[in-house]
Amino acid sequence: MNNTRIAAIDVGNDSIKAIFGELEYEINIPNIIARDTEDRPVIGIEELDDKNPLDGIHVKVHSPALKENNAIYRVGNLATKSNNGTELDPGSSKSEEDQTLILLFTTLALDAVREGNKNNFRQTKNVIDANYTLGTGLPLREVKEGKDAGYRSRLIGSVHQVEFLVTPKYQGLKVNIKFDEIKVYPEGFAAYINLVMDNNSKIINRDLIDKRILIQDIGGLSTDIAVIKNRNVDDDKAQGFNLGVSESLEAIREEIRTKHGVELDSRRDVVEIITKKNDRNHIMVRGSRTSVHDITDRILLDLAKKQYRLLRNVWSKNSQTEICYFVGGGANVLKDYLKTLNNNLDGFNIDFFEDEKESIWMMANAYYKLIQDFVRKSEKQKPEQPKKPVTN
């Protein structure tokens, strides 16, 4: 019988962050896919297995949850090199997009085929049967609209299959994925849990427990502002907005293409230009280091002003708020602009996570803590098995 394996997956609009098992494995894949054919051309096919599987994800995905079933995709890094790569569009619902599920299933399959999971999952010839207990989340707006229940019901009770086609090391393997349990959490609440709880459900930030807090989670397509008081999210006052960083990143990408003739593969490339440690806001144009500061500053400052307006409006309706934490990949991109605006304007008590990885991985870490806590409580509630009588 298969064991169930814990998976905590944040299907972010920029990338997928996933944590597995006892924290022994994590995956980060750009959220971009491209339709493809079964036999993608590979130069040096005999050297395929020497390459990193994450750089060559080529899969066929079968699931009753998908609108387009049995389609073939390049996923992640490989898809960024395609002319037909697709990223999630502003205004789309994460819970209703095939792309969300394709990334989710592919990420689970990449974990299941690892050598370290041979004792966890049954393998018959080239087919692996993998069972997971999944913790994941959706934007607050979608949860308030009740879309979390529909999302969960599409996943649980069915078998979802990922077949690796021309993928390094895993070519020809198929993974059948089943879910023993799925918990779908609102993203704002998850961020709060990450702030106050460690992986063993112990309180780590007692100062925050009884404070009134806002958590502004800026994603690619949306922004959630969770209102925390009395250790709970105030569902009535928490708000979700269709405002993320994706449109601004796309605008920067387009203006760089128009002004400098440089074609960037994806929004991920724009993020790297904005956030890299050295030569930030510079690109190479015909071999010359060229500043794009004028483009990035103008577009990102405009977005930061819109985000600051959201903060101001929500804070005005929750006047006894003590601090607002900005989290998520979008907060990392806008951090300097938001700090400058706040210093020059209202001077709210705001904070950021200076550790870039901590901010970007906050949701995945939170889902891991929540699903671990759920599993622990479930184990405690199980009735003890009666002991077998000793026979001589």
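This one's a predicted model, so the numbers in the text were calculated from it and none came from an experiment. (Residues numbered from 1 in each chain as written. Predicted model: local features only at pLDDT ≥ 70, side-chain atom pairs only at ≥ 80, totals over all residues. Heavy atoms only, no water.)

Draft legend 1. The overall build of the chain, seen in detail. Broken down by element type, the chain carries 12 helices and 18 strands. Taken over C-alpha atoms, the radius of gyration comes to 22 Å for the chain, in line with the 21 Å a tight globule of 392 residues would show. Overall, the chain is about 80 × 55 × 35 Å in size when its C-alpha atoms are taken along their principal axes. Put simply, the chain has 392 residues, and 54% of those count as buried. Of the roughly 18,700 Å² of accessible surface on the chain, a fraction of 45% belongs to carbon and sulfur atoms. With 56 positive and 60 negative side-chain charges, the chain shows a separation of 3 Å between the mean positions of the two kinds. (Helix = DSSP H or I, 4+ residues; strand = E, 2+ residues; numbered from the N terminus. Rg over C-alpha atoms; globule rule 2.2 N^0.38 Å. Buried < 20%, exposed > 50% of the residue type's maximum accessible area, 1.4 Å probe, protein only. Areas by Shrake-Rupley, 256 points an atom, 1.4 Å probe, with all protein chains shown as cover. Lys, Arg positive; Asp, Glu negative; His and termini not counted. Charge placed at Lys NZ, Arg CZ, Asp CG, Glu CD.)

Draft legend 2. Broad picture of the environment of Q372. Within the secondary structure, Q372 is located in helix 12 (residues 362–381). As for Q372 and L264, which are separated by 108 residues in sequence, their C-alpha atoms are 39 Å apart. The residues touching Q372, leaving out its near neighbours within four places in the chain, are I6, G21, E22 and N199. (Contact = heavy atoms within 4.5 Å.)

Draft legend 3. Geometry of the environment of V61. Tracing the sequence through the fold places V61 in strand 5 (residues 57–62). Since its relative accessible area comes to 0%, V61 is described here as buried. As a C-alpha pair, V61 and F105 span 44 residues in sequence and 7.9 Å in three-dimensional space. Setting aside its immediate chain neighbours within four residues, V61 contacts L66, N69, N70, A71, Y73, I102, F105, T106 and Q161.

Draft legend 4. Up close: the pattern of salt bridges. In total, this model carries 22 salt bridges according to the counting rule given. Ionic pairing is found between E96 and K147, a salt bridge with its closest N-O pair at 3.6 Å. Taken together, the residues span a long stretch of sequence, with E96 in the loop between helix 1 (77–80) and helix 2 (98–112) and K147 in helix 4 (residues 147–155) at a distance of 51 residues. Between D279 and R289 there is a salt bridge, with the nearest N and O atoms lying 2.7 Å from each other. Of the two residues, D279 sits in the loop between helix 8 (267–275) and strand 15 (282–285) while R289 sits in strand 16 (residues 288–291), which places them 10 residues apart along the sequence. Owing to a relative accessible area of 39%, D279 belongs among the partly exposed residues under this scheme. Through salt bridges with shared partners, a single network forms among R5, E24, D111 and R114. (Salt bridge = Lys/Arg side-chain N within 4 Å of Asp/Glu carboxyl O.)

Draft legend 5. Highlighting the packing of helix 7 (residues 246–260) against helix 9 (residues 293–317). Between helix 7 and helix 9, the shortest axis-to-axis distance is 10 Å and the interhelical angle comes to 155 degrees. In terms of axis orientation, helix 7 runs roughly antiparallel to helix 9. Classified by chirality, the crossing of helix 9 by helix 7 is right-handed. Where helix 7 approaches helix 9, its residues S248, A251, I252, E255, I256, K259 and H260 are matched on the opposing element by D294, I295, T296, R298, I299, L300 and L303. (Axes fitted to C-alpha atoms, helices over the stretch in contact; angles between N-to-C directions. Parallel < 35°, antiparallel > 145°, perpendicular 65-115°, else oblique. Left-handed = near helix turned anticlockwise from the far one by under 90°.)

Draft legend 6. Examining the environment of A71 more closely. Here A71 shows up in strand 6 (residues 71–75). Residues A71 and D351, spaced 280 residues apart in sequence, show a C-alpha to C-alpha distance of 44 Å. In this structure A71 touches R35, V59, K60 and V61, once residues within four positions along its chain are discounted.

Draft legend 7. Examining unusual backbone geometry more closely. The residue D279 is not glycine, and still its phi comes out positive at about 55 degrees. Positive phi is not limited to glycine here, since R286 has a value of about 50 degrees. Of note, R286 is situated in the loop between strand 15 and strand 16.

Draft legend 8. The arrangement of the packing of aromatic side chains in detail. Counting across every chain of the model gives 8 aromatic pairs. A centroid spacing of 5.7 Å and a plane angle of 55 degrees characterise the contact between F164 and Y170, whose relative ring orientation is tilted. The class of F164 is buried, set by a relative accessible area of 1%. The buried category is assigned to Y170, whose relative accessible area is 13%. Taking 5.0 Å as the distance between ring centres and 10 degrees as the angle between the ring planes, the aromatic pair formed by F326 and F352 counts as stacked. You can see F326 sitting in strand 17 (residues 323–327) and its partner F352 sitting in strand 18 (residues 350–352), a full 26 residues away along the chain. Relative accessible area serves as the criterion here: at 1%, F326 is assigned to the buried category. Counting every residue linked through ring pairs, the aromatic cluster contains F20, Y25, F121 and Y132. (Phe/Tyr/Trp six-rings, centres within 6.5 Å; stacked < 30°, edge-to-face > 60°.)

Without other data, these values stay purely geometric and don't point to any function.
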